[in-house]
Amino acid sequence: KSDVLVVELGSMPLPHGVVAANTDSGRAAFWSFAEAVRKGCEAALDLPPQELVVGLRARKDGQTLTSSLFIADALDNGAGYAVELGLPGTFGRVLEALQTDLTEKWEKSAHGLSCATSCPDCLRSYDNRRIHGQLDWRLALDLVDLSLGNALNIDRWLGNVTGELAGLKVLNPGLEASTIGGLPTIMDPHSMKALVLGHPLWSEDRDFLSKEQLATASEVEA
């Protein structure tokens with residue numbers, strides 16, 4: 001038996017207000033965030049990740065299926081870490097440590113160029129080996145930003161997409177690749193179809209598109 005801290009993420013700067021957990025990227029984002037929180041506890045509180053157990057619990061926010069994060073002590077009967085993390089300001093310090101220390105370590109270094117999703121230098125460890133396929137350091141940092149009330153950093157995903165677009169044009173010279181409405185877009189004039197690249201946490205539901213998606217869709221359709 002142990003005390004458990006339950007963290008609900010809501011009122012985020014997204015059309016839904018929450019991250020949907022019924023998509024591959026949404027599930028991966030929550031698992032990545034859960035493991036990142038353990039790393040943040042180490043950075044902010046000098047608390048080894050092995051002292052905490054983290055997991056997810058499905059919940060509904062309006063009509064959207066999302067997830068809550070739970071944190072418990074790894075030791076039987078608890079060591080008091082979950083209670084301490086639930087104190088006002090403590091969990092905020094963990095999120096701030098994630099945004100500063102881990103963003104610098106994962107994104108603004110050689111790691112950001114060499115690690116596609118996750119590795120032992122960021123999120124992977126022996127005790128989370130069963131979910132290695134779900135872990136993505138970019139999605140973890142995205143949820144940290146959203147939790148602190150900041151907008152998604154689109155450049156984290158699309159900042160280096162120019163080379164990929166040029167490669168597609170080499171494969172098919174008939175394609176037109178350009179930035180439309182702020183988003184990389186590939187158009188096929190013959191089929192009158194377009195592929196717009198976006199953020200993995202954005203919705204594809206026309207009722208919940210981001211302002212960037214709406215602007216690009218309007219221009220492409222025109």
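In this text, all values refer to a predicted model and were calculated from it rather than measured experimentally. (Residues numbered from 1 in each chain as written. Predicted model: local features only at pLDDT ≥ 70, side-chain atom pairs only at ≥ 80, totals over all residues. Heavy atoms only, no water.)

Participant: Just to check I follow, could you spell out the packing of aromatic side chains for this structure?
Facilitator: Two numbers describe a pair of aromatic rings. These are the distance of the centres and the angle of the planes. Taken as a whole and assessed by the stated rule, the structure comprises zero aromatic pairs. Over the face of the ring belonging to Tyr126 we find Arg129, whose NZ or CZ atom lies 3.9 Å from the ring centre. The aromatic ring of Trp157 is capped on one face by Arg138, whose charged end is 6.0 Å from the ring centroid. (Phe/Tyr/Trp six-rings, centres within 6.5 Å; stacked < 30°, edge-to-face > 60°. Lys NZ or Arg CZ within 6 Å of the ring centre and 35° of its normal.)

Participant: What exactly am I supposed to notice about the pattern of salt bridges here?
Facilitator: A side chain of one charge can pair with a side chain of the opposite charge if their charged atoms are brought near each other. Across all of its chains, the model carries nine salt bridges by this definition. Of the charged contacts, one joins Arg59 and Asp61 as a salt bridge, the two residues approaching to 3.7 Å between their closest N and O atoms. On the basis of relative accessibility, which here comes to 29%, the residue Asp61 falls in the partly exposed class. Where Asp145 meets Arg156, a salt bridge forms, and the shortest distance between an N and an O atom there is 3.1 Å. Of this pair, Asp145 sits in helix α5 (residues 137–147) while Arg156 is found in helix α6 (residues 155–158), placing the two residues 11 residues apart along the sequence. (Salt bridge = Lys/Arg side-chain N within 4 Å of Asp/Glu carboxyl O. Buried < 20%, exposed > 50% of the residue type's maximum accessible area, 1.4 Å probe, protein only. Helix = DSSP H or I, 4+ residues; strand = E, 2+ residues; numbered from the N terminus.)

Participant: Explain the sheet that holds strand β6 (residues 193–196) here, please?
Facilitator: Pairing is antiparallel across the open sheet formed by three strands, whose spatial order is β4-β5-β6. Either end of the sheet is taken by a strand with one partner, and the two such strands are β4 (176–180) and β6. Put simply, the sheet's adjacent strands are angled 30° from each other on average, direction ignored. Pairing between β4 and strand β5 (residues 183–188): five bridges, direction antiparallel. If you follow Thr179 over to β5, its bridge partner there is Pro184. Across the sheet, helix α8 (residues 211–221) touches β4, β5 and β6, and the angle it forms with β5 is around 30°. (Pairing = 2+ DSSP bridges. Axes fitted to C-alpha atoms, helices over the stretch in contact; angles between N-to-C directions. Contact = heavy atoms within 4.5 Å.)

Participant: How should α8 be read in this particular structure?
Facilitator: Side chains that are three or four residues apart share a direction in an α-helix, a result of its 3.6 residues per turn. Turning to α8, its buried residues are Gln213, Thr216 and Ala217. Each buried residue of α8 sits inside an arc of 100° when the element is viewed along its axis, so together they form one side. Each element contacted by the buried residues of α8 is listed here: β4, β5 and β6. (Arc of directions from axis to C-beta.)

Participant: Can you help me understand helix α3 (residues 90–106) in this one?
Facilitator: With 17 residues, α3 should reach 24 Å at 1.5 Å per residue; the first-to-last C-alpha distance of 23 Å fits that figure. A maximum bend of about 25° is found in α3 at Leu98. Where the residues of α3 are buried, they touch β1 (4–8), α1 (24–45), β3 (64–73), α2 (81–85), α4 (110–114) and α5. (Expected span 1.5 Å × (residues − 1). Bend = angle between axes of the 7 residues up to and from the residue.)

Participant: Quick question: what am I supposed to make of the pairing of strand β2 (residues 52–61) here?
Facilitator: The side chains of a regular strand alternate, first on one face of the sheet and then on the other. Two elements, β2 and β3, share 10 bridges in a ladder whose sense is antiparallel. Considered in β3, the bridge of Lys60 is made with Leu65. The hairpin turn running from β2 into β3, its antiparallel successor, is two residues long, and Gly62 in that turn takes a positive phi close to 65°.

Participant: Could you clarify how one ought to interpret the side chain of Thr90 in this entry?
Facilitator: Tracing the chain through its elements places Thr90 in helix α3. Apart from the residues lying within four places of it in its own chain, the contact partners of Thr90 are Leu45, Glu84 and Leu85.

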